[in-house]
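Each chain is listed here by its residues.
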Amino acid sequence: MLPGNALDSLPMKKRIVLHAPYLLFLFLPIGLFHWKIVFAGELICGGDLINQFIPWRKFALGELSAGRFPLWNPYVFCGAPFLANIQTSLFYPWNLFHVFFSVERVFSLSLVFHHLLAAGSMYLFLHHLWRSKGGAAFGAVVYAWSGFLITHGHDGHLIHVRAYALIPLALYFQTRWRENDSFGRLFVFALVLAGMFYAGHTQIPLYIFYLLLARGCWWFLLEWQGTHNLKSALLLPAGTLAGIILSLLLSAAVLFPLYELSQHTAGRAGGADYEFATHDSLPPSHLITFFAPFFYGDPTSSSREGLFWETRTGYHEICGYVGLAPLLLLFFLFLNSNKQGARSRFERFESIFFLFITLAALFFP
């Protein structure tokens, strides 16, 4: 295996040849999984997609074709803000394909593209981190076929899938900025984070902000320990924070209207009680589904005896299954991290950090 620096020095064509078998290993199963969408024109479905996202998009396109900007939707209740609803993802770049394809086709192809993007971007990030093509491919497989992506993709929740696919790119460009603290890399890092908001989802970038800041603080500790230079050490978390702030500014077109709309929601008016606000939280008794997803039954079963569990919460909302192999590898990481240096210690810290966040959300929703 070529060392990292030697691989980077190779011409682009040779680097592509070296990565091609691993990328084929990643992309071919995804292509086979979605072959009916790509080659037979099959359209994805899902309750929210059919009843909400497709009508929203057709309404927006109709308004734009009539020369009106869709600020207001008169067909919901007695009328409702449209642009201010971030889930309409009105400014997401993928929408340009509506010029060439039908609304339904654009949504279907979006699922395929972002599934490929999730695999490819995670491979890019992990290979840059570890310089192991096999390890990066394994991690990308785990990420691209996680319970979160597959269940939300099946149900047509593309705002989740699109934001999820961008997470590895945010981590990658944060890492690249650390290696060369240029404004150009900081801007691209912020642009990726802004893309999550324009994709139509707010929770995922919020959670990723926590991870990015935790990485910045960890880098601060490592830099301070190694150099005792406070100025250079503070630059690492400060740069991450600057990138996050810049991403919020780049997302102003959707975040400012959303903020204004949030001042008039039921929660602000005292109309959403605790039970309603937390009914989609993961019950602690169902943590076992992270290891055995069908422990309480098969959510796709048509018989009442095979139903998942008696709850209003949909399976896609709380499916965190990633597979047994990654969990076993995580266990070995805990055992061996003291021998692997600071980088593995940070990964152990990441695991504990997110386990704490998860448990806090479970018991204190």
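A. Spotlight on empty space enclosed by the protein. If you walk through the whole model with that rule in mind, you get 1 cavity of 30 Å³ or more. Here the largest cavity is characterised by a volume of approximately 40 Å³. What lines the largest cavity is Leu-83, Asn-85, Ile-86, Thr-88, Ser-89, Leu-90, Phe-91, Tyr-198 and Val-254. Looking at the lining of the largest cavity, its residues break down into 6 nonpolar, 3 polar and no charged.

B. View of the packing of aromatic side chains. Summed over all chains, the structure comprises 13 aromatic pairs. Here the aromatic rings of Phe-33 and Trp-145 are separated by 5.2 Å at their centres, their planes lie at 85°, and the arrangement is edge-to-face. Linking Phe-33 in helix α2 (residues 12–33) with Trp-145 in the loop between α6 (133–144) and α7 (147–154), this pair joins segments that are 112 residues apart in sequence. Trp-145 sits in the partly exposed class, given a relative accessible area of 29%. Here Phe-59 and Phe-82 contribute two aromatic rings whose centre-to-centre distance is 5.1 Å and whose plane-to-plane angle is 70°, an arrangement assigned as edge-to-face. Separated by 23 residues along the polypeptide, Phe-59 in helix α4 (residues 47–65) and Phe-82 in the loop between β2 (80–81) and α5 (103–130) bring together distant segments of the chain. Judged by its relative accessible area of 11%, Phe-59 falls in the buried class. The exposure class of Phe-82 is buried, given its relative accessible area of 2%.

C. View of α6. For α6, built from 12 residues, the straight-helix expectation of 16 Å at 1.5 Å per residue is met to within 8% by its first-to-last C-alpha distance of 16 Å. Among the residues making up α6, those that are buried are Lys-133, Ala-136, Ala-137, Gly-139, Ala-140, Val-142, Tyr-143 and Ala-144. The backbone nitrogen of Gly-135 has a side-chain oxygen 3.0 Å away, supplied by the residue at the start of α6, namely Ser-132.

D. Quick look at the pattern of salt bridges. For the structure shown, the criterion picks out 3 salt bridges. Between Arg-68 and Glu-63 there is a salt bridge whose closest N-O contact spans 3.0 Å. You can call Arg-68 partly exposed: its relative accessible area is 46%. Note on Glu-63: relative accessible area 13%, which makes it buried. Across the pair Arg-176 and Glu-179 runs a salt bridge whose closest N-O atoms are separated by 3.3 Å. With Arg-176 and Glu-179 both in helix α8 (residues 158–179) and 3 residues apart, the pair spans about one turn of that helix. The exposure class of Glu-179 is partly exposed, given its relative accessible area of 46%.

Scoring rules and cut-offs
- Residues numbered from 1 in each chain as written.
- Predicted model: local features only at pLDDT ≥ 70, side-chain atom pairs only at ≥ 80, totals over all residues.
- Heavy atoms only, no water.
- 1 Å grid on protein atoms, 1.4 Å probe; cavity = no way out; pocket = protein on both sides within 12 Å on 5 of 7 lines; lining within 4 Å.
- Points joined across faces, edges and corners; volume = space filled by probe spheres on them.
- Nonpolar A, V, L, I, M, F, W, Y, C, P; charged D, E, K, R; others polar.
- Phe/Tyr/Trp six-rings, centres within 6.5 Å; stacked < 30°, edge-to-face > 60°.
- Helix = DSSP H or I, 4+ residues; strand = E, 2+ residues; numbered from the N terminus.
- Buried < 20%, exposed > 50% of the residue type's maximum accessible area, 1.4 Å probe, protein only.
- Expected span 1.5 Å × (residues − 1).
- Polar contact = N/O pair within 3.5 Å; in protein donor to acceptor, adjacent residues only side chain to side chain.
- Salt bridge = Lys/Arg side-chain N within 4 Å of Asp/Glu carboxyl O.

Interpretation note: all reported values are geometric properties and have no functional meaning in isolation.
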